[in-house]
Amino acid sequence: MGGTNFQLKPHSKIPKPQKPLLVVVLDGWGQAADDEYNAISRAETPCMDSLRESRPEKWMLLKAHGTAVGLPSDDDMGNSEVGHNALGAGQVVSQGASLVDKSLETGQLFNLDGWKYLEPAAKEHTLHLIGLLSDGGVHSRYDQLWLLIQGAAERGVKRIRVHTLTDGRDTEDGTSVKFMEQLQKDLKSLEGKGCDARIASGGGRMITTMDRYESDWNVVKRGWEAHVLGEAPNKFKDPVDAIKTLKKPKEAGGKPVSDQWIPPFVIVDDDGQAVGTIQDGDAVAIFNFRADRVVELSKAFEYKDFKQFDRKRYPDVRFAGMMQYDGELKLPKHFLVPPPAISRTTGEFLARSGVSTFACSESQKIGHVTFFWNGNRAAPFDSKLETFHEVPSDQNIPFNEKPAMQSAKITALGIEALKSGKYDQVRLNFPNPDMVGHTGDLEATISACSTVDKCVKELLEAVEEVGGSWLVTADHGNAEDMVQRDKKTGKPLMADGQPRILTSHTLNPVPVAIGGPGLAKGVKFRTDLKEPGLANVGPTIINLLGFEAPDNMVPTLLSA
Ligand SMILES: O=C(O)[C@H](O)COP(=O)(O)O
Ligand SMILES: [Mn+2]
Ligand SMILES: [Mn+2]
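Worth saying up front: this structure is predicted, and the values here are computed from it rather than measured. (Residues numbered from 1 in each chain as written. Chains lettered and ligands numbered in written order. Predicted model: local features only at pLDDT ≥ 70, side-chain atom pairs only at ≥ 80, totals over all residues. Heavy atoms only, no water.)

A. Broad picture of the packing of aromatic side chains. One pass over the full model with this rule turns up 11 aromatic pairs. Aromatic pair Trp217 and Phe309: ring centres 6.2 Å apart, planes at 50 degrees, arrangement tilted. Of this pair, Trp217 sits in helix α8 (residues 217–229) while Phe309 is found in the loop between α10 (295–302) and β9 (318–321), placing the two residues 92 residues apart along the sequence. The class of Trp217 is buried, set by a relative accessible area of 12%. For Phe309, a relative accessible area of 8% corresponds to the buried category. Feature note: the residues Trp217, Trp224, Phe301, Phe306, Phe309 and Phe319 constitute an aromatic cluster, connected by ring pairs. A cation over an aromatic ring shows up here: Arg155 above the ring of Phe110, its NZ or CZ 3.9 Å from the ring centre. (Phe/Tyr/Trp six-rings, centres within 6.5 Å; stacked < 30°, edge-to-face > 60°. Helix = DSSP H or I, 4+ residues; strand = E, 2+ residues; numbered from the N terminus. Buried < 20%, exposed > 50% of the residue type's maximum accessible area, 1.4 Å probe, protein only. Lys NZ or Arg CZ within 6 Å of the ring centre and 35° of its normal.)

B. Geometry of the nonpolar core. Counting residues in each nonpolar core, the largest one holds 158 residues, and the members touching the most others are Leu22, Ile149, Ile160, Phe301 and Met322. Here this core gets 10 residues from one element, more than from any other, and that element is helix α16 (residues 442–466). Sequence-distant contacts of Met322, that is, excluding residues within four places in its chain, are made with Val100, Leu109, Leu148, Ile286, Phe287, Asn288, Phe289, Phe335, Leu336 and Val337. Within the second largest apolar cluster, 6 residues are counted, among which are Phe399, Val436, Ala444 and Ala448. (Core = buried A, V, L, I, M, F, W, Y, C linked by side-chain atoms within 4.5 Å. Contact = heavy atoms within 4.5 Å.)

C. Representation of the confidence of the model for the protein. The predicted model of the protein has a mean per-residue pLDDT of 97, with 99% of residues at 70 or higher. Listed scores for the predicted complex are pTM 0.96 and ipTM 0.98. (pLDDT = per-residue confidence, 0-100.)

D. Main features of the site of ligand 1. In the vicinity of ligand 1 lie 17 residues, with Ser80, His139, Asp170, Arg212 and Arg293 positioned nearest. Here an oxygen atom of ligand 1 sits 2.7 Å away from a polar atom, N or O, in the side chain of Asp170. Contact distances for ligand 1 include 2.7 Å between an oxygen atom and a side-chain N or O atom of Arg293. The fraction of the free accessible surface of ligand 1 (310 Å²) that becomes covered by protein chains is 100%. (Near = heavy atom within 4 Å. Polar contact = N/O pair within 3.5 Å; in protein donor to acceptor, adjacent residues only side chain to side chain. Areas by Shrake-Rupley, 256 points an atom, 1.4 Å probe, with all protein chains shown as cover.)

E. Looking closely at the coordination of the manganese ion (ligand 2). In the first shell of the manganese ion (ligand 2), the protein supplies Asp27 (OD), Ser80 (OG), Asp475 (OD) and His476 (NE2), at 1.9 to 2.1 Å from the metal. All donors of the manganese ion (ligand 2) belong to a single chain; written as a sequence motif, their spacing is D-x52-S-x394-D-H. Distance-wise, the manganese ion (ligand 3) is placed 4.3 Å from the manganese ion (ligand 2). Taken together, the positions of Asp27 in the loop between β1 (21–26) and α1 (39–42) and Ser80 in helix α3 (residues 80–89) put the pair 53 residues apart, joining distant regions of the chain. For Asp27, a relative accessible area of 0% corresponds to the buried category. On the basis of relative accessibility, which here comes to 2%, the residue Ser80 falls in the buried class. (Donors = N, O, S within 2.8 Å, 3.2 Å for Na, K, Ca; no water.)

F. Here's a closer look at the sheet that holds strand β12 (residues 425–430). Strand order in the open sheet formed by 7 strands is β2-β16-β13-β1-β12-β10-β11, and the pairing between neighbours is mixed. Single-partner strands in this sheet number two, and they are β2 (59–62) and β11 (386–391). The sheet shows a mean angle of 15 degrees between the axes of neighbouring strands, taken without regard to direction. Judged from the 6 bridges that link them, β1 and strand β13 (residues 469–474) form a sheet pairing that is parallel. When the bridges of β13 are listed, Leu26 appears paired with Ala474. Running at roughly 175 degrees to β12, helix α14 (residues 407–420) makes contact with β1, β10 (357–362), β11 and β12 of the sheet. (Pairing = 2+ DSSP bridges. Axes fitted to C-alpha atoms, helices over the stretch in contact; angles between N-to-C directions.)

G. Quick look at the pairing of strand β8 (residues 283–286). Because side chains alternate across β8, one face comprises the buried residues Ala283 and Ala285, and the other comprises Val284 and Ile286, equally buried. Of the strand pairs in this sheet, strand β3 (residues 127–133) and β8 are connected by 4 bridges, and their pairing is parallel. Directly across from His128, in β8, lies its bridge partner Val284. One ladder, built from 4 bridges, connects β8 with β9; its direction is parallel. What sits directly across from Ala283, in β9, is Arg318. Taken together, β8, α10 and β9 constitute a β-α-β crossover, and its handedness is right-handed. (Right-handed = clockwise from strand over helix to strand, strands pointing away.)

H. Quick peek at α8. The end-to-end C-alpha distance of α8, which contains 13 residues, comes to 17 Å, matching closely the 18 Å that a straight helix rising 1.5 Å per residue would cover. The buried fraction of α8 is high, at 10 of 13 residues. Within α8 the residues assigned to the buried category are Trp217, Val219, Val220, Gly223, Trp224, Glu225, Ala226, His227, Val228 and Leu229. If you follow the buried residues of α8, they end up packed against β3, β4 (159–166), β5 (196–204), β7 (265–267) and α10. By the N-cap criterion, in which a side-chain oxygen at the helix start approaches the backbone nitrogen of a residue two or three places on, α8 is capped by Asp216, the distance to Asn218 being 3.0 Å. Of the residues flanking the end of α8, it is Gly230, one or two places downstream, whose phi is positive at about 75 degrees. (Expected span 1.5 Å × (residues − 1).)

I. Summary view of the coordination of the manganese ion (ligand 3). Protein coordination of the manganese ion (ligand 3) is provided by Asp434 (OD), Asp434 (OD), His438 (NE2) and His505 (NE2), with donor distances spanning 2.1 to 2.4 Å. Around the manganese ion (ligand 3) sit 6 donor atoms, and with donor-metal-donor angles ranging over 57 to 167 degrees the site reads as irregular. (Tetrahedral: all angles 85-135°; square planar, octahedral: opposite > 155°, others 65-115°.)

Next up, the structure:
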């Protein structure tokens, strides 16, 4: 442990491969029993099936949720952030959700610099809290928001405005009404304590504020207009009424709007004035702990010089994130809880040991195989050795309308990189099972899974052709279960004769498989690990590239 020597030692049995290693992450591809709501077992997946069925020593399951990926408990589903952090770090790190829980439970959060910075502005003016209204535990949690609000009120903050993004992606669609009612009730309870706390604006997370990796800045612009300027096409006096109304089908027979796609709205008073615009002198905090979908909003608040959209008005506020979302950019400068420190990752060791890497996905997930993979670091460790390639994602369409997404381009780029002879490692992420799974559209998700199976097949053929090796895995479950289930019996839950669709991730394990002509003789998976998880993949990749894994990492999956 410790030290700054990143030079890896040659593996005692596995020679440094002469041909590339392909690493594929199938985003949201979990393992579950055959079932009519299992989009993966219902899809045509001859390639992934053959990996499982014909090579028992080179296929296994990994734990991808809960404590195995640094989340507070085993009731927490996995997600891309913690999954890719674990895969790339080769370590289990206490994640944002756990750190914020602890800081709020002990009250430590209110003793730290971030709160001290916000406090005078919050007391003298207004405290604005912006984030995802959810109990999904992926980006945020309601109980944390409420503890934050109560703590602020107890410390003398007299005016609070909450700007709510509705979920339906990490939570069941339709639950936003319940969360909004709860928040409204809880905020009202502060009235007697001399705190005027109200919901001020909101919108569905997929079209308001929570864009990621600069896929579509218009999403952030809509959020800015609603939260900061008090401008949105929809104005309501009551936030519950806002969601209920905006979820209604536009015309008879139309499908209700999903919580994720509720148009932005602003809450107004009897005179039609927005109740919570953000003004000079105010304090503003984002209460999401996860970075990817709030980096852009943080830039809009923090950067004076900002060109991505016209902010129209740029208030002079004290701004903080729940965490620091980008450690290299030091963004934001102020934060309520110090983020997980992830260092000595596989990416850093491999780059410092001369390994060249091509990492690629489409916009929606490019940061997963770069930023999250490398311990929340956006820039390469060595730009001569690492190439990050982003394929632009489709903008503004629900992904079930085009479930193949950009998979053909990612496959073609992967094959080109494998054949180019330029890279030791080619790392790809296919977003489809996850992104389409989140829409809750079972047929489209089946199609997404069939498509990525074909992509994997083509890639493995290319590895075969060049004589390389491969590792295929996933970051968490999603597409393998598309229905809410009774926790005890596992039976699908119904409402009005219809299955209650599951749009979120799951607690299921994920597969990992290795192979290829370049795999050193005798390499197979070991069977002695008690509870192998995603973090064990990191040292496995280091081994497959011909090095011993460093001792700050969890054990390898290989027996060689
Ligand atoms: O941000 C999202 O899209 C979801 O909340 C979680 O999905 P991901 O963890 O797979 O990105
Ligand atoms: Mn994911
Ligand atoms: Mn997801």
